[in-house]
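Listed below, chain by chain, are the residues.
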Amino acid sequence: MRTLILCCFLVPALLLSSEVRSEASTDKSNKLSILVDKVLIASTGWNVEPWIIDDVVDAGFNAYIPRRLVASNNESIPEEQLKKLSILCQKKGIKTYYWMRGTIKTNKNKNTYTPGNFTEQLLSPNSNEYWNKLTSDITQAAKLSLTHPALEGVFLDFEDYEPRHINATAFHYSYEDEIVQSFSTQHTSLLGRKNSLIRKQWLSRSENIKLKESFIRFQHESWQQRMTLLRKTVDSINPKFQFLVYPFNPSRNKSAPFIVGNGDLGLPAPIAHLGTEAAPIIYAETRSYSRPLSPIHGANSIISTVKDNTLESVTSAKRESPLALTLGGLNPLADRDKELGRNHEPFYIPNAAIAMSEIADGYWVFYEGLNFQDSLNKKYLSSFAWANSQIRQRRWQAAYTPINGAYDWSSYFSKLPAWSLPAPEHQPTTSPTKVRKNARSKRIWLRGDAIFIFPSSESELIEFTVSSRKLGNRNTTPAVCELRLRDDPDKVVHHFQLSDKPMEFFSQKTNTESDLILTCASGQRSVSVDSSTGPYGIYAGKPVRFYQNQEPLHLAVTTSTSDIVLTIKGSGREQAKFTLQNAYGVDISQHSTYMSKGSHATIWRNKLQNHSQSGLWKVIPAPLDSLPFEDYSIKIEAGVIPIFYVLP
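I will try to describe carefully the structure that is included in this document. (Residues numbered from 1 in each chain as written. Predicted model: local features only at pLDDT ≥ 70, side-chain atom pairs only at ≥ 80, totals over all residues. Heavy atoms only, no water.)

## Things to note about the pattern of salt bridges
Proximity of charged atoms lets side chains of opposite charge pair with each other. Just so we agree on the cut-off: We define a salt bridge as a side-chain nitrogen of Lys or Arg found within 4 Å of a carboxyl oxygen belonging to Asp or Glu. We count a stretch as a helix when DSSP gives it H or I for four or more residues in a row; a strand needs E for two or more, and each element gets its number in order from the N terminus. Using a 1.4 Å probe on the protein chains alone, a residue whose accessible area is under 20% of its type maximum counts as buried, one over 50% counts as exposed, and one in between counts as partly exposed.
With the rule as written, the count across this model stands at 18 salt bridges. Ionic pairing is found between aspartate 54 and lysine 92, a salt bridge with its closest N-O pair at 3.2 Å. Of this pair, aspartate 54 sits in helix α2 (residues 50-58) while lysine 92 is found in helix α3 (residues 79-92), placing the two residues 38 residues apart along the sequence. Of the charged contacts in the structure, one is a salt bridge between aspartate 631 and arginine 447, with a shortest N-O distance of 3.1 Å. A residue pair is termed long-range when its members are at least 10 positions apart, and aspartate 631 in strand β27 (residues 631-638) and arginine 447 in strand β13 (residues 446-454) qualify at 184 residues. The exposure classification of aspartate 631 matches that of arginine 447, with both residues buried.

So, in structure tokens, the structure goes:
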């Protein structure tokens, strides 16, 4: 019988979810399910046809948005096609929205968007030209909605496709002449700075911080006023006309204050002014386009994380506008799981759609990444029909239903090797079987997915601390970790998230042969085991990504080991060398490799003939000369147990 004691952890996101989830959605009776289509419509040459609407209705969606209509561009609305679309949707009892860009291309130098040291070929959100064009297109659609009631509003796409964008979402604060001249009627000190980069750098000086804040507030207030005026103009035509805004991702859009506001200065999202009680703004969320966790996590954990992420987006949207509606976002193109042999297959997506709809006001799908003739198209539409049926019947537990064995995690974890060390002919200084209290591990930072194995102990107390840190200055989501028993891998003993503070675990094992497995999906972070009372292992049967690590990696070599085969791959223009030492610390071989942008992996095959040094051998990584050395991965291909052992 096993007893596990876990303590010293805080998970505020989970506490929040239990309190808020039941009240997250403002619309309990009718969840939105929207298909934004680039697959069906593309097969007709971007011309809407009745059979497309039939397929959409059969798949259970209650709104359809073609990503493009014939002649759709920034210059004019294809009114006849939009009328046809609205009539077909109305006949089938579903809604539609007109897809249009929230950005407007321009070839002029005047009124261009200039967020810093470069200019994008977009009209600036501070220019009258931008707002006049945007208002003209939107009011045209609003007038059309009066005679075609299936047309609910517009889908505003604010994704920044320009090659030099500073963020995937438009817009950031801009420094072009028009806004600077307006602001400088009050603050003449900025007038003499003619270049946008000079203006930005000058305002960023410590002595000018207050002036920069005033400039930001001025620009922010200007956006709010223009949004309010646009809403009033639309209200004069159709007060129920809605704005659906994309992309919304509060965890990543910090450099797009046009959409999410400026939390540092307490400035609300300007875009929220497009919503009213009669026509709430709808946010199309993108955070869960792809699986939030890696294949090392099971279905329950993936769906629970989808719910937590959706709740965070809903809470953020409600904070900006209490009337706002939020839709979880899905994208087949992003749902790729090559490691388990599945690419684009519809396993995660329908489950996530149900989970999102329980928390939010529904979900939307950016349907792209496959051909209409692809057999996966029928699979997706069938899986959406199932998911939408569950949503209509409020069967939220269906989100955890495995589909066609898609979540066969027992099989995945059964491939992990048990903890095993050779009987060493040469005993290491630190015995790998002796437990030492409060031992400090050599920090080995890992990126991406990491699987740690802690050996079974019939009566000893195993204690370890694991940490995470972000890489660079990015706004990153926490690393997600799970603790499991190797002999019962489907059961998650504990699920937790790691930010910048360490989390400690204490585990007591009694009368068991099973190892503990700790899995961490770090995303844009790195993770490490900081301390442990005994040795632990890093599973290397799949590539292990190390970050700035020069600590030795131990291999369990026996007298029957004939060769050791490793695959090494780098990231960036780095050169590195790796030294293999036997259990006595004698160099056996050395491998140097030029890691050019991570474009290729090199095979390091170590032939061992007539050796007798069983025990823990070492692979010692080091930079080559004084060249950069940060990221590399190693996979144990053959010859030894695919575990790197770490001694405290």
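Here the narrative resumes, following the displayed structure.
## Remarks on the pairing of strand β20 (residues 544-547)
Rules: Strands were regarded as paired on the criterion that DSSP finds at least two bridges between them.
Two elements, β13 and β20, share two bridges in a ladder whose sense is antiparallel. Counterpart to arginine 447 in the pairing with β20 is arginine 545. In this structure, β20 lies alongside β27, joined through four bridges in antiparallel fashion. Within β27, the position partnered with valine 544 by the bridge is isoleucine 634.

## Remarks on the packing of helix α9 (residues 299-320) against helix α10 (residues 348-359)
In plain terms, the rule: Each axis is a line fitted through C-alpha atoms, taken for helices only over the stretch in contact, and angles between the N-to-C directions span 0 to 180 degrees. With respect to orientation, any angle under 35 degrees is reported as roughly parallel, any angle over 145 as roughly antiparallel, any angle of 65 to 115 as roughly perpendicular, and every other angle as oblique. Handedness of a helix crossing follows the sense of rotation of the near helix relative to the far helix, less than a right angle counterclockwise being left-handed and clockwise being right-handed. Contact criterion: two residues are considered in contact whenever any of their non-hydrogen atoms come within 4.5 Å of each other. For this scheme, ten residues count as nonpolar: Ala, Val, Leu, Ile, Met, Phe, Trp, Tyr, Cys and Pro. Four count as charged, namely Asp, Glu, Lys and Arg, and the remainder, Gly too, count as polar.
Packing of α9 against α10 brings their axes to within 9 Å, and their N-to-C directions diverge by 40°. Considering the angle they form, α9 stands oblique to α10. Taken as a pair, α9 and α10 cross one another with a handedness that is right-handed. Where α9 abuts α10, its residues Ile302, Ile303, Val306, Lys307, Thr310, Leu311 and Val314 lie against Tyr348, Asn351, Ala352, Ala355, Met356, Glu358 and Ile359. Residues that form the contact of α9 with α10 fall into these classes: ten nonpolar, two polar and two charged.

## Comments concerning the sheet that holds strand β9 (residues 325-330)
As summarised here, the arrangement of the eight strands in space is β1-β2-β3-β6-β7-β8-β9-β12, forming a closed barrel in which the pairing is parallel. Across the sheet, the mean angle separating the axes of adjacent strands is 25° when strand polarity is ignored. Alignment of strand β2 (residues 63-66) against strand β3 (residues 95-101), held across two bridges, turns out to be parallel. Residue pairing in the sheet places tyrosine 64 in a bridge with threonine 96 of β3. On the sheet, helix α11 (residues 375-392) packs against β1 (32-37) and β12 (362-367) and is oriented at approximately 175° with respect to β12.

## What to know about the packing of α2 against α3
Packing of α2 against α3 brings their axes to within 10 Å, and their N-to-C directions diverge by 40°. One way to sum up the angle between α2 and α3 is to call them oblique. Crossing geometry of α2 relative to α3 is assigned as right-handed. Residues Pro50, Ile53, Asp54 and Val57 of α2 form the contact with α3, whose own contacting residues are Leu85, Leu88, Cys89 and Lys92. Each residue belonging to the contact of α2 with α3 can be placed in one class, and the counts come to six nonpolar, no polar and two charged.

## A word on the pairing of β1
What counts here: Clockwise travel from the first strand over the helix to the second, with the strands pointing away from the viewer, marks a crossover as right-handed.
For β1, a buried count of six out of six residues is recorded, marking the element as mostly surrounded by other parts of the structure. Neither face of β1 is open: one carries Leu32, Ile34 and Val36, the other Ser33, Leu35 and Asp37, and all of them are buried. Inspection of the sheet shows β1 paired to β12 by six bridges, in the parallel sense. Residue pairing for β12: aspartate 37 is matched across the bridge by tyrosine 367. Relative to β2, β1 runs parallel, the two being bridged by four bridges. From the neighbouring strand, valine 36 faces β2, where its bridge partner is isoleucine 65. Regarding the hand of the β-α-β motif, the stretch spanning β1, α2 and β2 is right-handed.

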